[in-house]
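Listed below, chain by chain, are the residues.
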Amino acid sequence: MCTQRRLVRNGGQLRSPQTPLLPEAPSVYRPVDRLTCVGLFLGSDQPIRKNPIWTMEHKLERKDIRLIAICAVIAVISLLVGSHYFYQAFPEATIDFEITRDDARGLGSSFLEQRGLDVEGYRHSAIFNFDGSAKTFLERELGLEGASALIDDPVRLWRWSSRWVKEQQKEEFSVDHTTGGDLVGFTHLVEEELAGASLSQVEARYLAEQFLIDAMGRSMTSLVFVEAETTERPNRADHSFTWKLKGFDINDATYRVRVGIQGNLVGSYSESLKVPEDWQRDYRELRSRNQAAGQVASAFMLFTWVAMIVVLVINIRGRDVRWRTVAIFTAIAFVLTLLAQLNSLPVTEFSFDTKDTYGSFLTERLLFSVLAAVGQAVLIGFLVAGAEPVYRRAYGGQISLSQQFAPTGIRTKRFLIGTVIGLTLTAAFVAYQTVFYVIAGKFGAWSPADIPYSEMINTHIPWAVVLLIGFMPAVSEELTSRAFSIPFLHRYLKKRWAAVLISALIWGFAHAGYPQQPFYIRGVEVGIAG
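Reading guide: rules and limits
- Residues numbered from 1 in each chain as written.
- Predicted model: local features only at pLDDT ≥ 70, side-chain atom pairs only at ≥ 80, totals over all residues.
- Heavy atoms only, no water.
- pLDDT = per-residue confidence, 0-100.
- Contact = heavy atoms within 4.5 Å.
- Core = buried A, V, L, I, M, F, W, Y, C linked by side-chain atoms within 4.5 Å.
- Buried < 20%, exposed > 50% of the residue type's maximum accessible area, 1.4 Å probe, protein only.
- Helix = DSSP H or I, 4+ residues; strand = E, 2+ residues; numbered from the N terminus.
- Pairing = 2+ DSSP bridges.
- Axes fitted to C-alpha atoms, helices over the stretch in contact; angles between N-to-C directions.
- Polar contact = N/O pair within 3.5 Å; in protein donor to acceptor, adjacent residues only side chain to side chain.
- Patch = residues over 30% accessible without salt bridge, like charges linked within 9 Å, V, L, I, M, F, W, Y side chains within 5 Å.
- Areas by Shrake-Rupley, 256 points an atom, 1.4 Å probe, with all protein chains shown as cover.
- Salt bridge = Lys/Arg side-chain N within 4 Å of Asp/Glu carboxyl O.

(A) Geometry of the confidence of the model for the protein chain. Residue-level pLDDT values for the protein chain average 84, and 87% of them are 70 or greater. In the predicted structure, residues 1-56 sits below a pLDDT of 50 and forms 105 contacts with residues beyond four places in sequence or in another chain.

Written out as structure tokens, the structure is:
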């Protein structure tokens, strides 16, 4: 039978019915009730000790200065190694943005005007866009260097996509330009019932070829005809014609050019890399191994959260949850998530469904943003409430989470040393990760080129998502896989190294869903670091 043991206040002092009087705690410490059965569950039934932050020396000693100096040297060396080999380990696609979003809008409007299409009164949106499947295929088959030689010419991958729409109206326009300003696609979407001509396939193909020659500047001798398709509409006939670029064939992949004819008008144009279906099927099978490994790790992560729920219930009953700390982290998660959601409006606006009104679209997006922020806030609140008491009891010699960023905590030597070590480990991890993938690459490991432009270009406040990414994974993963998992597993396994190893592997393979190959490489990399 569990018996309750409480701290009670007695004339300015704190005492337990079973322990001698303790000195009055400063305001940063709040006495709590707890159940002895918490100790049975977590192995933490130890006498309450004075928080070391109260007696910690604030003056740096010689050994502290020596540690800081060593950390500085390690950080400098790590940054030098990381910066020197970073792009060899994590290649980034180089994109030359010769035109801006506004430039692309002007070019698109001019092109549509030349075609006799008026966008006056239409709502405009634009995003930076590219075909991820084509990018992955080229990098897997040719490597980044080989892929880069083809991207832009002839495979024009990087694009500004502009769209003009009116609410509750099907007719809309879209135009794609490369980041260099070349036209690579357009669409005029119209009602299926719109009246138009019913040309023969021969007549329609003539119009399509004239468009390619006059508007796109293409020579028909550089193209090989592939197929034609005719669709009978209620009041017109639509045709689609496809060519492929002559002399371009990479493992059965071809570069396709398509022209659509609506009645007797050119209604669409596009060009893209046609990735072989067999390759796509094989790649999906390859990626399924990543997903399977990630799902197994996620199952163990779910077990961890179930255990955390049990512990949280016990701690709530024992009044051992610092709700003020929970509220602070919850509020930060809510604000950052809401900011990131609202900041992504230009991206979501591009996919606006014209069947709805724009007002209902904005309302729906705002509602979704608030709900997403609430969901993330609840998750972070749960993790803080579940992990913080466990961490506090297991590592009583460290600054508690609630005191870490309080004025009293920031002024301590322990905070300074911890911050220095943390920053050093950040630099060391960059170097470790870089060297890991440089070596792994020698043995056939593969990582896709990073495209770090989407958030920087497609949003109004580029750094908003950076704040969210910096906060959410750090807090959620550290609380789950370290602050809670390590002491919890240590209780049952009796071996700290085993607790650290198991929690690191679960955490590491929870990242196996990334596209790196072979499927286990990301789990091994993160697991070792964890």
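(B) Region of the structure containing the nonpolar core. In this structure, Leu112, Leu138, Val259 and Leu273 are the most contacted members of the largest nonpolar core, which totals 50 residues. Top contributing element to this core by residue count: helix α4 (residues 132-150), with five residues. Not counting residues up to four positions away in its chain, the partners in contact with Val259 are Ala208, Phe211, Leu212, His239, Ser240, Phe241, Trp243, Val266, Ser268 and Tyr269. Core analysis: the next-biggest nonpolar cluster, separate from the first, contains 25 residues, Ala340, Phe382, Val390 and Val475 among them.

(C) A look at the sheet that holds strand β12 (residues 265-274). Taken in spatial order, the eight strands of this open sheet run β5-β6-β7-β8-β12-β11-β10-β9, and their pairing is antiparallel. Of all strands in the sheet, those bounded by a partner on one side alone are β5 (123-129) and β9 (223-232). Direction aside, neighbouring strands of the sheet carry axes that sit 20 degrees apart on average. Bridge count between strand β8 (residues 183-189) and β12: three bridges; the pairing is antiparallel.

(D) Structural view of the side chain of Asp320. Summarising the element assignment, Asp320 is placed in the loop between α6 (277-317) and α7 (323-343). Within polar-contact distance, the side chain of Asp320 engages the side chain of Arg392 at 3.1 Å.

(E) Expanded view of the environment of Leu212. Tracing the sequence through the fold places Leu212 in helix α5 (residues 201-214). On the basis of relative accessible area, Leu212 is assigned to the buried category, the value being 0%. Separated by 47 residues in the primary sequence, Leu212 and Val259 have C-alpha atoms spaced 8.2 Å apart. Ignoring any residue separated from it by four or fewer positions in sequence, one finds Leu212 in contact with Gly217, Arg218, Met220, Leu223, Trp243, Val257, Val259 and Tyr269.

(F) Seen up close, a nonpolar patch on the surface. Together, Val296, Phe300, Leu302, Phe303, Trp305, Val306 and Val310 give the surface a local cluster of nonpolar side chains, amounting to about 640 Å² of exposed area. Take Trp305: it is sitting in helix α6. Here Trp305 falls in the partly exposed class, since its relative accessible area comes to 31%.

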